[in-house]
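Spelled out from the first residue to the last, the chains are:
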Amino acid sequence: MSTGVIIALIVVGVVVVAAAGIFAARTKSPGGHGLKRRFGPEYDRAVARHDGDTKAAEQELAERVKQHGSLREQPLEPAARERYLTRWAEAQERFVESPADAVVEADQLLADLAKDRGFPDGAGYDEQFAALSVHHGPHVHGYHRVHHAAQSRPGGAEESRAGTEELRTAMVEARALFDVLLGTERAERTERTERTARRTPGTDTDTAAAADTAEPHKQSRGGLKGRLAKGN
């Protein structure tokens with residue numbers, strides 16, 4: 001065997017080993033710290049569901065990452081974005097007269113929006129929620145509350161003031177995921193960052209952005225809560 005062939009075989013072997021290492025690093029389940037960072041509050045809810053068994057909760061979340069981590073979100077056309085904004089506004093207005101029906105509409109809206117962004121079909125809620133939690137862990141709790149309320153369909157004597165407040169809270173919290181999937185949260189954040197940079201010449205935009213995201217949903221969620229308060 002010639003020296004050239006030997007060198008070529010060595011090079012191929014090195015490339016194969018390096019590629020295997022990269023693949024293993026990318027597919028390796030993240031540890032506890034990585035899961036906490038990725039899932040946010042959903043991590044704590046998973047631990048609670050497993051009665052405090054952190055290992056079991058992390059195994060569940062790691063499995064979600066394995067199944068849905070490679071998902072790539074699809075862009076949303078401007079016309080579709082406007083339709084979803086209109087649908088959300090209509091559900092919001094309907095809340096005044098029929099909170100339960102408004103929550104059902106919000107649940108379906110989020111399922112449709114997630115599907116349009118490339119997530120699994122909302123007809124399989126558990127799978128869709130799992131995928132959403134992998135990519136938007138800090139924002140999925142509102143969707144969970146809205147879906148649970150929509151399935152419960154409270155009515156009659158059960159639809160007390162306390163029940164209405166729970167539905168209102170669910171709608172307000174669900175707006176966080178709606179904004180993220182729609183892209184409005186990012187647009188608002190960018191606009192605020194640019195305004196901050198213009199007001200403070202020489203300010204690093206990344207620093208301004210970090211300072212401005214302390215309460216990313218305060219304006220949108222606060223506005224929604226104010227509008228939902230009408231008629232009560």
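Residues numbered from 1 in each chain as written. Predicted model: local features only at pLDDT ≥ 70, side-chain atom pairs only at ≥ 80, totals over all residues. Heavy atoms only, no water.

Draft legend 1. Quick look at the nonpolar core. Ranked by internal contacts, the top residues of the largest apolar core, which has 32 residues, are Val 103, Leu 132, Tyr 143 and Phe 178. Going through the elements one at a time, α5 (78-94), α6 (99-116), α7 (125-136), α8 (141-152) and α9 (161-182) are the ones with two or more residues in this core. Residues contacting Phe 178, with those up to four places away along its chain left out, are Tyr 84, Leu 85, Trp 88, Leu 109, Leu 110 and Leu 113. Counting nine residues, the second-largest nonpolar core is a separate cluster that includes Phe 39, Tyr 43, Ala 46 and Val 47. (Core = buried A, V, L, I, M, F, W, Y, C linked by side-chain atoms within 4.5 Å. Buried < 20%, exposed > 50% of the residue type's maximum accessible area, 1.4 Å probe, protein only. Helix = DSSP H or I, 4+ residues; strand = E, 2+ residues; numbered from the N terminus. Contact = heavy atoms within 4.5 Å.)

Draft legend 2. Examining the pattern of salt bridges more closely. Taken as a whole, this structure holds 13 salt bridges when the rule is applied. Taking the shortest distance from any N to any O, the salt bridge between Arg 117 and Glu 73 comes out at 3.5 Å. Here the residue Arg 117 occupies a position in the loop between α6 and α7, and Glu 73 occupies one in the loop between α4 (54-68) and α5, the gap between them amounting to 44 residues. On the basis of relative accessibility, which here comes to 28%, the residue Glu 73 falls in the partly exposed class. With a closest N to O distance of 3.1 Å, Arg 168 and Glu 165 form a salt bridge. Residue Arg 168 and its partner Glu 165 are both found in helix α9; the two are separated by three residues, about one turn of the helix. (Salt bridge = Lys/Arg side-chain N within 4 Å of Asp/Glu carboxyl O.)

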